[in-house]
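Tertiary structure, described
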Amino acid sequence: MQRIQKRRAGQRQTQNALIGLLSAVSMTRIGLTLLLPLCGSAAWWLSAACMLPGLCVYGALRLLLRHTHTRTLTDCARNLLGNFGIILIMLTLTLPLLLDGIASLTALITFFTEGIGARGSQFTLTLLTASVMLIALNRDGLPRGIYLLRHVLLIAAAIIAINALLDAHPDGIVPLLGEGVPPLLSGIRSAWGMSWVLLLLLEFPAEEGARRTPAMLAGLLPCPVILLLLSLAIPPELIVPGRSLASRLALPTLFLQPAVRTLAQCLLMMTLFLSIAGSAQLAAHFLTSSCQKPKKWVPYALIGLLTLTQLFDISRLWRVLTALTAWSLVPGVLLLLVLTIARLCRREKA
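What you are looking at is a predicted structure, and each value in this text was computed from that prediction instead of being measured. (Residues numbered from 1 in each chain as written. Predicted model: local features only at pLDDT ≥ 70, side-chain atom pairs only at ≥ 80, totals over all residues. Heavy atoms only, no water.)

Glancing now at the overall build of the protein chain. A count of helical and extended segments in the protein chain gives 15 helices and 0 strands. By its C-alpha atoms, the protein chain is 60 × 45 × 40 Å across when sized along the principal axes. Per-residue burial over the protein chain gives 49% buried out of 350 residues. Counting only carbon and sulfur atoms, one obtains 66% of the accessible surface of the protein chain, whose full area is about 17500 Å². Considering the protein chain, the positive charge centre built from 29 side chains and the negative charge centre built from 13 side chains are found 12 Å apart. (Helix = DSSP H or I, 4+ residues; strand = E, 2+ residues; numbered from the N terminus. Buried < 20%, exposed > 50% of the residue type's maximum accessible area, 1.4 Å probe, protein only. Areas by Shrake-Rupley, 256 points an atom, 1.4 Å probe, with all protein chains shown as cover. Lys, Arg positive; Asp, Glu negative; His and termini not counted. Charge placed at Lys NZ, Arg CZ, Asp CG, Glu CD.)

Dropping the structure here:
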């Protein structure tokens, strides 16, 4: 019995590490590519403001779980809506995960082709990346690998942060409005749902008596911290909306020492790669959650689906993904409304 409990606790820890990495990469990618070009040095505090809607939805759903005496979103939806609730949970969590996976894959391939000048076409590099992902998705190797790498990633991030702080300018901490309020409003509209990933924590409950705060902080803190470091280290005139996607992703490495710059590029590519594979694995988990037997081929099929998206023109694809990013939290909001209405109807009947 104790061995089973330890195994379950280990699975929760590895799953939380995967979700923490996915949320950190997702929010930071949105901050670098959307908020920073629009809002300049105001992006570091605006990213925290854009997380508030997701936190509110997360808190409301946790309250609903407590009132229905259930531990996961799937249990709550099944209790209130039956089989329709399971389908609703599947769509609510799968669609944003796939959208996030496509966005991270597009960012990674663009960084390969334009950022570091890797040889090969867009689709060729995508095939090579996908072939490595297929190996990483073998059984539970991905979350376990992320769990083992978590301290290595944190040490690398600390080295990069220290190097950036050596060239910091205190004036950068003052939020500059740039062209005024409209860019701030545009940034809020583009990134208001950046913390939708927190909903995944509700599907993988912590142990009895354990707190969710460490897992939440692992996902919430990196984005504002990275944007603050960029505001301190990079002159505001270099942060302009006209930059390409590759230059936006490479911006954090411009003012680093050569060795640290290489470390930062490797860290960016590794975390993007792991987040793509993590998105596919979690999406497969939710798609097959109602099946009695696990479908081991589903994650590989999703990786193939993500790979095919890179056949489109990458600039047009990125514009579509940017437009859809603002709607990532909408499925969570709709889920909250449906479950709340179902809860009230059941309460009136009782």
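Structure's up, so let's keep going.
The biggest cluster of nonpolar side chains holds 103 residues, and the ones touching the most others in it are Met 194, Leu 200 and Leu 282. Broken down by element, this core gets its largest block of residues, 15 residues, from helix α12 (residues 258-287). When neighbours within four sequence positions are excluded, Met 194 is seen to be in contact with Met 27, Ile 30, Gly 31, Leu 35, Ser 47, Cys 50, Met 51 and Cys 223. (Core = buried A, V, L, I, M, F, W, Y, C linked by side-chain atoms within 4.5 Å. Contact = heavy atoms within 4.5 Å.)

To continue, consider helix α3 (residues 52-68). Over its 17 residues, α3 runs 24 Å from end to end, which matches the ideal 24 Å to within 8%, given 1.5 Å per residue. Listed as buried for α3 are Gly 54, Val 57, Tyr 58, Leu 61, Leu 64, Leu 65 and Thr 68. Viewed end-on, α3 has its buried residues packed into an arc of 125°, placing them on one side of the element. Of the residues in α3, the exposed ones pointing more than 90 degrees away from the buried face are Cys 56 and Arg 66. Note on α3: the residue one or two positions beyond its end, His 69, has a positive phi of about 60°. (Expected span 1.5 Å × (residues − 1). Arc of directions from axis to C-beta.)

Turning to the packing of aromatic side chains, a few remarks are in order. By convention here, two paired aromatic rings are described through the distance between centres and the angle between planes. Overall, the coordinates contain 1 aromatic pair when judged by the stated rule. Note on Phe 204 and Phe 286: the rings are 6.1 Å apart at their centroids and 50° apart in plane angle, and the pair reads as tilted. A residue pair is termed long-range when its members are at least 10 positions apart, and Phe 204 in the loop between α8 (181-191) and α9 (213-220) and Phe 286 in helix α12 qualify at 82 residues. Judged by relative accessible area, Phe 286 falls into the buried class, the value being 2%. When the ring centre of Tyr 147 is taken as reference, the NZ or CZ atom of Arg 150 above it lies at 3.7 Å. (Phe/Tyr/Trp six-rings, centres within 6.5 Å; stacked < 30°, edge-to-face > 60°. Lys NZ or Arg CZ within 6 Å of the ring centre and 35° of its normal.)

Under the 1.5 Å per step criterion, the end-to-end length of helix α14 (residues 314-325) is 16 Å for 12 residues, consistent within 8% with the ideal 16 Å. Every buried residue belonging to α14 is among Ile 314, Leu 317, Trp 318, Leu 321 and Thr 325, and all of these are buried. Each buried residue of α14 lies within a common arc of 100° when the element is viewed along its axis, so the set occupies one face. When the buried face of α14 is taken as reference, the exposed residues oriented beyond 90 degrees from it are Arg 316 and Arg 319.

Per the stated rule, a full pass over the model turns up 2 salt bridges. As a salt-bridge pair, Arg 29 and Asp 100 come within 3.1 Å of each other at their nearest N and O atoms. Within this pair, whereas Arg 29 is found in helix α1 (residues 2-39), its partner Asp 100 is found in helix α5 (residues 83-115), the two being separated by 71 residues in sequence. On the basis of relative accessibility, which here comes to 5%, the residue Asp 100 falls in the buried class. For Asp 75, the salt bridge is made with Arg 78, and the minimal N-O distance between the two is 3.1 Å. Placement of the pair is Asp 75 and Arg 78 together in helix α4 (residues 73-81), with a separation of 3 residues, close to one helical turn. Residue Asp 75 is classed as partly exposed on the basis of its relative accessible area, which comes to 30%. (Salt bridge = Lys/Arg side-chain N within 4 Å of Asp/Glu carboxyl O.)

A few words on the environment of Ala 283. By the secondary structure assignment, Ala 283 is in helix α12. Spatially, the C-alpha atom of Ala 283 lies 8.4 Å from that of Met 90, the residues being 193 residues apart in sequence. Among all residues touching Ala 283, those that are not within four sequence positions of it are Thr 94, Leu 97, Leu 98 and Leu 302.

Our focus in this paragraph is the side chain of Thr 325. Residue position: Thr 325 is located in helix α14. On the basis of relative accessible area, Thr 325 is assigned to the buried category, the value being 10%. One polar contact links the side chain of Thr 325 to the main-chain carbonyl oxygen of Leu 321, over a distance of 2.7 Å. Residues contacting Thr 325, with those up to four places away along its chain left out, are Ile 30, Leu 34, Leu 99 and Ser 190. (Polar contact = N/O pair within 3.5 Å; in protein donor to acceptor, adjacent residues only side chain to side chain.)

Now for a positive patch on the surface. Residues Arg 3, Lys 6, Arg 7 and Arg 144 make up a contiguous surface patch of positive charge. The greatest single-element share of the positive patch, amounting to 3 residues, is contributed by α1. (Patch = residues over 30% accessible without salt bridge, like charges linked within 9 Å, V, L, I, M, F, W, Y side chains within 5 Å.)

With that settled, consider the packing of α5 against α12. Running from N to C, α5 and α12 point in directions that differ by 155°, and their axes come no closer than 8 Å. Taken together, α5 and α12 sit at an angle that is classed as roughly antiparallel. When the axes of α5 and α12 are compared, the crossing they make is left-handed. Partitioning the contact of α5 with α12 into residue classes produces 18 nonpolar, 6 polar and 1 charged. (Axes fitted to C-alpha atoms, helices over the stretch in contact; angles between N-to-C directions. Parallel < 35°, antiparallel > 145°, perpendicular 65-115°, else oblique. Left-handed = near helix turned anticlockwise from the far one by under 90°. Nonpolar A, V, L, I, M, F, W, Y, C, P; charged D, E, K, R; others polar.)

A separate point is the environment of Asp 100. With 176 residues separating them in the primary sequence, Asp 100 and Ile 276 have C-alpha atoms 7.8 Å apart. Not counting residues within four places of it along the chain, the set of residues in contact with Asp 100 comprises Leu 22, Ser 26, Arg 29, Trp 196 and Ser 279. Separated by 2.6 Å, the side chains of Asp 100 and Ser 26 make a polar contact.

So yeah, pure geometry; function would need other evidence.
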